[in-house]
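# Observations on chain architecture
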Amino acid sequence: MSNYHIKHLEEYFQVYRKSVENPEMFWEEIAEEHFLWRKKWNNVLSWDFTKPEVKWFEGAKLNITENCIDRHLVTKGDKTAILFEPNNPEEPAQKITYKELHKQVNKFANVLKSKGIEKGDRVCIYLPMIPELAISVLACARIGAIHSVVFAGFSSNALATRINDSECKMVITSDGSYRGAKTIDLKGIVDEALESCTCVDNVLVVKRINSAIAMKEGRDVWLTPLLDEVSSECEAEIMDAEDPLFILYTSGSTGKPKGMLHTTAGYMVYTAYTFKNVFQYTEDDIYWCTADIGWITGHSYIVYGPLANGATTVMFEGVPSYPDFGRFWEIVEKHKINQFYTAPTAIRALAKEGLGYVESHDLSSLKILGTVGEPINEEAWHWYDDNIGKRKSPIVDTWWQTETGGIMITPIPFSTPTKPTYATLPFPGIQPVLMDAEGNEIKGNQVEGRLSIKFPWPSMARTIWGNHQRYKDTYFSAFENKYFTGDGAFRDEVGYYRITGRVDDVIIVSGHNLGTAPIEDAINEHPAVAESAIVGFPHNIKGNALYGYVILKDTGESRNHDNLRKEINQIITEQVGPIAKLDKIQFTKGLPKTRSGKIMRRILRKIAANDLSNLGDTSTLLNPEVVQGIIDEALLEVK
Ligand code: WTA
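Residues numbered from 1 in each chain as written. Predicted model: local features only at pLDDT ≥ 70, side-chain atom pairs only at ≥ 80, totals over all residues. Heavy atoms only, no water.

## Observations regarding the pattern of salt bridges
For side chains bearing opposite charge, pairing can occur when the charged atoms are close. What counts is decided by this rule: Definition used for salt bridges: Asp or Glu carboxyl oxygen within 4 Å of a side-chain nitrogen of Lys or Arg. Partly exposed describes any residue whose relative accessible area lies between the buried limit of under 20% and the exposed limit of over 50%, with all areas from a 1.4 Å probe on protein chains only and scaled to the type maximum. A run of H or I in DSSP counts as a helix once it spans at least four residues, and a run of E counts as a strand once it spans at least two, with each numbered from the N terminus.
Scanning the entire structure with this criterion turns up 38 salt bridges. Of the charged contacts, one joins aspartate 386 and arginine 391 as a salt bridge, the two residues approaching to 2.8 Å between their closest N and O atoms. Taking the relative accessible area as the measure of exposure, aspartate 386 reaches 29% and is therefore partly exposed. Residue classification places arginine 391 among the exposed positions, given a relative accessible area of 64%. Between lysine 542 and aspartate 583 there is a salt bridge whose closest N-O contact spans 2.8 Å. Highlighted residues: lysine 542 in the loop between β29 (529-539) and β30 (543-552) and aspartate 583 in the loop between α18 (561-575) and β31 (584-588), separated in sequence by 41 residues. Taking relative accessible area as the criterion, aspartate 583 reaches 30% and is therefore assigned partly exposed. Residues joined in a network through salt bridges with shared partners are Glu85, Arg327, Glu330 and Lys334.

## Section: the environment of glycine 577
Here is the rule: Contacts: residue pairs with any heavy atoms within 4.5 Å of one another.
Topologically, glycine 577 is positioned in the loop between α18 and β31. With a relative accessible area of 0%, glycine 577 lands in the buried category. As for glycine 577 and arginine 162, which are separated by 415 residues in sequence, their C-alpha atoms are 14 Å apart. The contacts of glycine 577, once residues within four sequence positions are left out, are Gly153, Ser155 and Ile572.

## What to know about the side chain of lysine 593
Note the following rule: Any N or O atom pair separated by 3.5 Å or less is treated as a polar contact, with the protein-specific requirement of one donor-capable and one acceptor-capable atom, and with residues adjacent in sequence counted only for side-chain atom pairs.
Within the secondary structure, lysine 593 sits in the loop between β31 and α19 (601-608). Note on lysine 593: relative accessible area 18%, which makes it buried. Side-chain polar atoms of lysine 593 contact the side chain of glutamate 531, separated by 2.7 Å. If we ignore the near neighbours within four places in the chain, the residues touching lysine 593 are Glu531, Lys598, Ile599, Met600, Leu621, Leu622 and Asn623.

## Description of helix α1 (residues 9-21)
Heads up, the rule is: Expected helix span is given by 1.5 Å per residue-to-residue step, counting one fewer step than there are residues. Directions pointing from the helix axis toward each C-beta atom define the arc.
Relative to the 18 Å expected for 13 residues at 1.5 Å per residue, α1 spans 18 Å between its end C-alpha atoms, a close match to the ideal helical length. When α1 is considered as a whole, its buried residues turn out to be Glu11, Tyr12, Val15, Tyr16 and Ser19. Projected down its long axis, α1 carries its buried residues within an arc of 130°, all on one side. Set apart from the buried face of α1 by more than 90 degrees, the exposed residues are Glu10 and Glu21. Considering only its buried residues, α1 is in contact with α2 (23-34), α10 (265-278) and β21 (432-435).

## Description of the sheet that holds strand β22 (residues 441-442)
Strands belonging to one sheet form pairs held by backbone hydrogen bonds; the direction of such a pair is parallel or antiparallel. Basically, it comes down to this: Here, a strand pair is defined by DSSP locating no fewer than two bridges between the strands.
Read from one edge to the other, the open sheet built from five strands follows the order β22-β21-β23-β25-β26, with strand pairing classed as antiparallel. Lying at the two open borders of the sheet, with one neighbouring strand each, are β22 and β26 (497-502). With four bridges connecting them, β21 and strand β23 (residues 447-453) associate as antiparallel partners. Considered in β23, the bridge of methionine 435 is made with arginine 450.

## Comments concerning the site of the ligand
Using the following cut-off: One heavy atom within 4 Å of a molecule or strand is enough for the residue carrying it to be called near that molecule or strand. Accessible areas in this description were obtained via Shrake-Rupley with a 1.4 Å probe; residue shielding takes into account the shown protein chains only. Under the scheme applied, nonpolar residues are Ala, Val, Leu, Ile, Met, Phe, Trp, Tyr, Cys and Pro; charged residues are Asp, Glu, Lys and Arg; polar residues are all the others, including Gly.
Near the ligand lie 17 residues; those nearest to it are Asp397, Thr398, Thr402, Asp487 and Arg502. Contact between the ligand and threonine 398: a nitrogen atom at 2.7 Å from a main-chain N or O atom of the residue. At a separation of 2.5 Å, an oxygen atom of the ligand approaches a polar side-chain atom of threonine 402. Its free accessible area being 520 Å², the ligand has 96% of it covered by the protein chains. Contributing elements (two or more residues each) for the shell around the ligand: α11 (296-308), β20 (395-398) and β26. Considered class by class, the residues forming the shell around the ligand number seven nonpolar, six polar and four charged.

## Considerations on α19
If you check which residues of α19 are buried, you get Arg601, Ile603, Leu604, Ile607 and Ala608. For α19, the angular spread of the buried residues around the axis is 155°, confining them to a single face. Those residues of α19 that are buried are in contact with α17 (516-524), β29, β30 and α20 (626-636). The first or second residue beyond α19 is asparagine 610, which carries a positive phi of 55°.

## Notes on the domain arrangement of the chain
Basically, it comes down to this: The source of the domain bounds is an automatic or database domain assignment.
Examined at the domain level, the chain breaks down into domain 1 (9-36 + 45-90 + 100-319 + 398-489) and domain 2 (510-635). The interface formed by domain 1 and domain 2 includes seven residue pairs in polar contact (both at pLDDT 80 or more). With three residues, helix α7 (residues 156-165) is the single largest residue contributor to the side of domain 1 that touches domain 2.

## Details of the side chain of glutamate 403
Mapping glutamate 403 onto the fold places it in the loop between β20 and β21. Classification of glutamate 403 as buried rests on a relative accessible area of 7%. A distance of 2.6 Å separates polar atoms of two side chains, one belonging to glutamate 403 and the other to tyrosine 475. The contact partners of glutamate 403, leaving out residues within four places of it in the chain, are Thr250, Lys258, Met260, His262, Ser459, Met460, Ala461, Tyr475 and Tyr483.

## Notes on the confidence of the model for the chain
Test applied: For every residue, the predictor assigns a confidence score, pLDDT, that lies between 0 and 100.
On average, residues of the chain score 95 in pLDDT, and 100% of them reach the 70 mark or higher. Put simply, α20 is where the chain has its lowest mean pLDDT, 87, and helix α6 (residues 131-143) is where it has its highest, 99.

Printed below as a string of structure tokens:
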């Protein structure tokens, strides 16, 4: 018997020990006892990090939607699977039962088939947080199509890059979306994106805001009439364990976004098992994760993990500030939320608005609180603990990544004593190590290093779509035989981990990963700009904000810097999306470069943070003389 549901600390240690001493037996027991297989595996695990190649449950056959939906029909067909809370608090919430979800997913899957989508085809989903988003994800999985969800805050240019990279045959979108008091013309953004995509045959349009939109003849089709024509039964495609389930793009230090590819069986087993334990889900709980399904958190802990456990998962369409800053707490009270999982940036933003919004709501249903996406600072942690959890609901600070598929380092509530700012201990099956710059493992406690993982886990991404070499270079080349996370971490005297932040050039703004390259490319498109470099600097709500260093072309003309700042941010909004706007822009005459021409961001980061105490060694620079100039300018005119 596996200890599927860990209930106290000794049990955690016992389970953890088993998971590292005999990983195959450990995962095999969990897989056998808790899932529905059409055929069992021949081999639990084969792996080789030098290639890198990882296979879990090879030979097994299954469909993840049978695990997330069909198998619950007999025991909990009338239980709410998805509880949808609309943007507008006046609009009634919608409860979709497992039976209803089954029907809707099957119908949607039949529509996909009727439009020629087959196993292995890529489908891009660009939707707001409405039930059709979860349903279309599951409909793809039902027929073995590979979904690629793109967060509906990305610009047309960012969307086009992602559609083209994985050659999606179809885009699923809506006529528009509600976001607080605003509406956004999603279909217009798709139309613009598709001007530079030739791979898309059809655009399936969900009606959400009833706006008058243009429909391109032969390409664009409304979803609703098609749903009326198809059957509500759709046989699940039987997939191999290692068949692709989805692609999800994440930013890298350089170059275009990386399409992380996740496969079926391992992802299912790991997200389900982590969901059960990290949120200690019990049968009648109402669980709410505030993330968007456009990010990995939404994939794993709004859709797949909760549904695989037959849970009730809340989907919220709106924003925390609409109609006022009490919206989250109003929803907690209204739906009697038991587990609440959000991002540190949201906690900081809400804390700033004062306790009035919190105190007017009954939060007594809450049992467990979670955070994800970036380090949580001590002040925000305590605010969350004192005012939301009332010091009785453990906070699970969960560290993980798009690449890892599921939660990796986390407390198990009611088992692991929590410690502010610490993600604490590895989840069963996860073997973290800290490495120094020379590639040696740093043993012992009270040490800091680069966080790596030395053994495969079931939900790790298997490759970068279309670029296995980049996958190898990015994650498996820094340290021999280890997966390198890109994060730094500290291990305290009892072995708890605290994530200290990225050690590469990825910048996390409000919990969103941003790569420098696409933003710099956008800035450089401004006709007055010669070159640019962006770095992150500390921000008390967003965690980090973006600081741009911009070199203007020497045209002899002088330009108004405030106007240029606006224009640059406008281009970034168009090319990448509003989340990538710069908070500060410094016009500069030079950028520090290494002899090979690489920008020395370390120095720029220090100047942006106004931390001039130790700029480090500048002697290896090609142009050390520019540094003082940049410091002087920073003092004069940065907005
Ligand atoms: C950061 C989100 C500190 C980290 C699931 C990681 C965190 C990146 C935490 C992945 C945490 C995520 N504490 N930092 N609890 N969780 N991060 O791919 O830098 O959007 O590498 O996945 O977010 O972000 P991603």
